[in-house]
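# Close look at the chain arrangement
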Amino acid sequence: MPTPEPTPGAPCWVDLMTTDANQAKQFYGELFGWEFQTGDQEKYGGYITAQKNGKTVAGIMQKQEDQASMPDTWSTYLWSDDAAATAAAVAANGGQVYMEPMDVPEQGHMAFFGDASGAAIGVWQPREMRGYELVGEPGSPAWHELHTKDYAAAVKFYEEVFGWNTDVMSDTPEFRYTTLGAGRDAKAGIYDATADLPAEVPSNWVVYFAVEDADASIDKAVSLGATLVDGPDDTPHGRLATLTDPTGARFKVVADTGQGNAADAGPGGQGAL
């Protein structure tokens, strides 16, 4: 598969903030076949990049002492041509600036925001580091999905701040779902999770990873210390399951079941990234 070319506003990177980077490397290395490189401590804080078949697919970041109260989590980053302008747009459209744009030497600029529904979302303005180099293949990101408690506000926020050209997949009281792009060109989804998320769980982004065999991957993950939260379930978009890794970070796996490709992930996963 050729290296993906994200467009402004579309997902371009994922990373894990974890209480135990070494355990995360062991877990995801065995589960997805990842290999790792650790960045210079002084320049990059020891940030770890994961590769699959020689292609960069994700990052891992050790939590600092002042982040101890935050849950371990996978984060999605959207492409921005101007992170500072995006920060201003976030503030002007009901969002919050959690981390102002910061320079990552030679690589790009990163920032972290809260959207209008309270979900955390990262932004990456690239220089040398252009984002992940493999998508939709086993061991790489396959789909990005916002589970929101304020669906209307979230859809408007991503349209206004990130210029999303949205497509309504479903708009019924039972199932509301909007995608960035339409059909097989869709890049991400927004799901009305009002009825699903407990009161104590905020709106949040979910990362799906492609696998060859969902059941085998679940068994392996559990043997490595993961917890199966939901599934596996057969859907028109593949066989899906939700897990948490050994330190509690939630993620999903999706396997092609012959009804689409492995990138046809979530409820709105109509196309590869």
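Quick summary incoming for the structure in this document.

What counts, and at which threshold
Residues numbered from 1 in each chain as written. Predicted model: local features only at pLDDT ≥ 70, side-chain atom pairs only at ≥ 80, totals over all residues. Heavy atoms only, no water. Helix = DSSP H or I, 4+ residues; strand = E, 2+ residues; numbered from the N terminus. Buried < 20%, exposed > 50% of the residue type's maximum accessible area, 1.4 Å probe, protein only. Contact = heavy atoms within 4.5 Å. Salt bridge = Lys/Arg side-chain N within 4 Å of Asp/Glu carboxyl O. Core = buried A, V, L, I, M, F, W, Y, C linked by side-chain atoms within 4.5 Å. Arc of directions from axis to C-beta. Pairing = 2+ DSSP bridges. Axes fitted to C-alpha atoms, helices over the stretch in contact; angles between N-to-C directions. Parallel < 35°, antiparallel > 145°, perpendicular 65-115°, else oblique. Left-handed = near helix turned anticlockwise from the far one by under 90°.

A count of helices and strands for the protein gives 5 helices and 16 strands. Expressed as a percentage of the 273 residues in the protein, the buried residues total 51%. Here the contacts in the protein between residues at least 6 apart in sequence split such that 61% fall between residues at least 24 apart.

Here we come to the pattern of salt bridges. Scanning the entire structure with this criterion turns up 6 salt bridges. The residue Arg127 makes a salt bridge to Asp103 at a minimum N-O spacing of 2.8 Å. Of this pair, Arg127 sits in the loop between strand 8 (120-126) and strand 9 (141-148) while Asp103 sits in strand 6 (residues 96-104), and the two are 24 residues apart along the sequence. Asp103 sits in the partly exposed class, given a relative accessible area of 39%. Two residues, Arg176 and Asp171, come together in a salt bridge whose shortest N-O distance is 2.9 Å.

Examined against the element boundaries, Thr76 turns out to sit in strand 5 (residues 73-79). A relative accessible area of 1% means that Thr76 is categorised as buried. Along the chain, Thr76 and Trp124 lie 48 residues apart, while their C-alpha atoms are 9.8 Å from each other. Beyond its immediate stretch of four places on either side in the chain, Thr76 contacts Pro11, Trp13, Val14, Ile121, Gly122, His144, Trp205 and Val207.

The biggest cluster of nonpolar side chains holds 40 residues, and the ones touching the most others in it are Tyr28, Phe32, Trp34, Trp74, Phe209 and Phe251. Here the element with the most residues in this core is helix 1 (residues 21-32); it accounts for 6 residues. With residues up to four places along the chain from it excluded, the contact list for Trp34 reads Tyr28, Gly29, Ala50, Gln51, Lys52, Val57, Ala58, Trp74, Gly139 and Phe209. Leu146, Phe157, Ile190 and Trp205 belong to the second largest nonpolar core, which has 24 residues in total.

Residues Ala83, Thr86, Ala87, Ala89 and Val90 constitute the buried set of helix 3 (residues 83-92). Projected down its long axis, helix 3 shows its buried positions confined to an angular sector of 165 degrees, all on one face. Facing away from the buried side of helix 3, by more than 90 degrees, are the exposed residues Ala84, Ala91 and Ala92. Residues of helix 3 that are buried sit in contact with strand 6, strand 7 (108-114), strand 8 and helix 4 (151-162).

Let us look at the sheet that holds strand 4 (residues 55-62). Read across the open sheet, the 8 strands follow the order 2-3-4-1-5-8-7-6; overall the sheet is mixed. Across the chains shown, the open sheet's two edge strands, defined by having one partner strand only, are strand 2 (35-38) and strand 6. When the angles between neighbouring strand axes are averaged without regard to direction, this sheet yields 25 degrees. Relative to strand 8, strand 7 is paired through 7 bridges, and the arrangement is antiparallel. In the strand pairing of strand 8, Gly108 is matched with Pro126.

Across the interface, helix 1 lies against helix 5 (residues 214-223) with an axial gap of 10 Å and an inter-helix angle of 155 degrees. Accordingly, the angle class assigned to the pair helix 1 and helix 5 is roughly antiparallel. Of the two possible hands of crossing, helix 1 and helix 5 adopt the one that is right-handed. Every residue of helix 5 that contacts helix 1 at Phe27, Glu30 and Leu31 is listed here: Ser217, Lys220 and Ala221.

Take the sheet that holds strand 11 (residues 175-180) next. Strand order in the open sheet formed by 8 strands is 10-11-12-9-13-16-15-14, and the pairing between neighbours is mixed. Each edge of the open sheet carries a strand with a single partner, namely strand 10 (166-172) and strand 14 (227-235). Here the strands of the sheet are splayed against their neighbours by 20 degrees on average, with no regard to which way each runs. Inspection of the sheet shows strand 13 (residues 204-211) paired to strand 16 (residues 250-255) by 4 bridges, in the parallel sense. Considered in strand 16, the bridge of Phe209 is made with Val253. Packed on one face of the sheet, helix 4 meets strand 9, strand 10, strand 11, strand 12 (188-192) and strand 13 and runs near 155 degrees to strand 12. Most of the contacts of helix 5 go to strand 15 (residues 238-244), to which it runs at about 10 degrees, and overall it touches strand 13, strand 14, strand 15 and strand 16.

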